[in-house]
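# Fold and geometry: a report
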Amino acid sequence: MAAAPAAYAESGHGGCSTYSNIDTFPDDNHVIIWKSCISKKSNGVGHPSAIVSMGKKHAKCTILIRVLTTGERIVSKKSYPCPSGKVVNKKYAGKDFRGSGQYTTFVQMKGISTEGNLSPRSPWLNL
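These remarks concern the structure in this document. (Residues numbered from 1 in each chain as written. Predicted model: local features only at pLDDT ≥ 70, side-chain atom pairs only at ≥ 80, totals over all residues. Heavy atoms only, no water.)

Moving on: the state of the cysteines. Disulfides are covalent bonds that connect the sulfur atoms of two cysteines. Under the defined criterion, the tally for this structure stands at 2 disulfides. Linked covalently through their sulfurs, Cys16 and Cys37 form a disulfide whose S-S length is 2.0 Å. On the sign convention where negative is left-handed, the bridge of Cys16 and Cys37, at about 110 degrees about the S-S bond, is right-handed. Of this pair, Cys16 sits in strand β1 (residues 15-20) while Cys37 sits in strand β2 (residues 32-42), and the two are 21 residues apart along the sequence. Two residues, Cys61 and Cys82, share a disulfide whose sulfurs are 1.9 Å apart. Its S-S torsion of approximately -110 degrees makes the covalent link between Cys61 and Cys82 left-handed. In this pair, Cys61 is assigned in the loop between β3 (45-54) and β4 (62-69) and Cys82 in the loop between β5 (74-81) and β6 (87-93), connecting sequence segments 21 residues apart. (Disulfide = S-S within 2.5 Å. Helix = DSSP H or I, 4+ residues; strand = E, 2+ residues; numbered from the N terminus.)

Right, here's the structure in full:
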């Protein structure tokens, strides 16, 4: 049930795409569901974020939030240790960035093995 980005959101308004490790751990105690999000904070400023839900027995991990250009250049990077225990829809802010062009947030759960989530990215945002 991993969701893929919808044709890279041609609107360019950003938003969120949802991913999970449900293909690897189909029970509630181990499952991790996360959203890769991006929004426009102000003129020429983008705001990346991740929204994370985790079962109480999830694996130890790191939440890595990066922003990429269409050429795969990293323009923003921030990481957080995964919380212990169960969390529901906890928001993690990435590092805001300035620029013009198209950007996507790439959120990885380092330390978590997933099969269907090779590209956990948000829809594209035009700045």
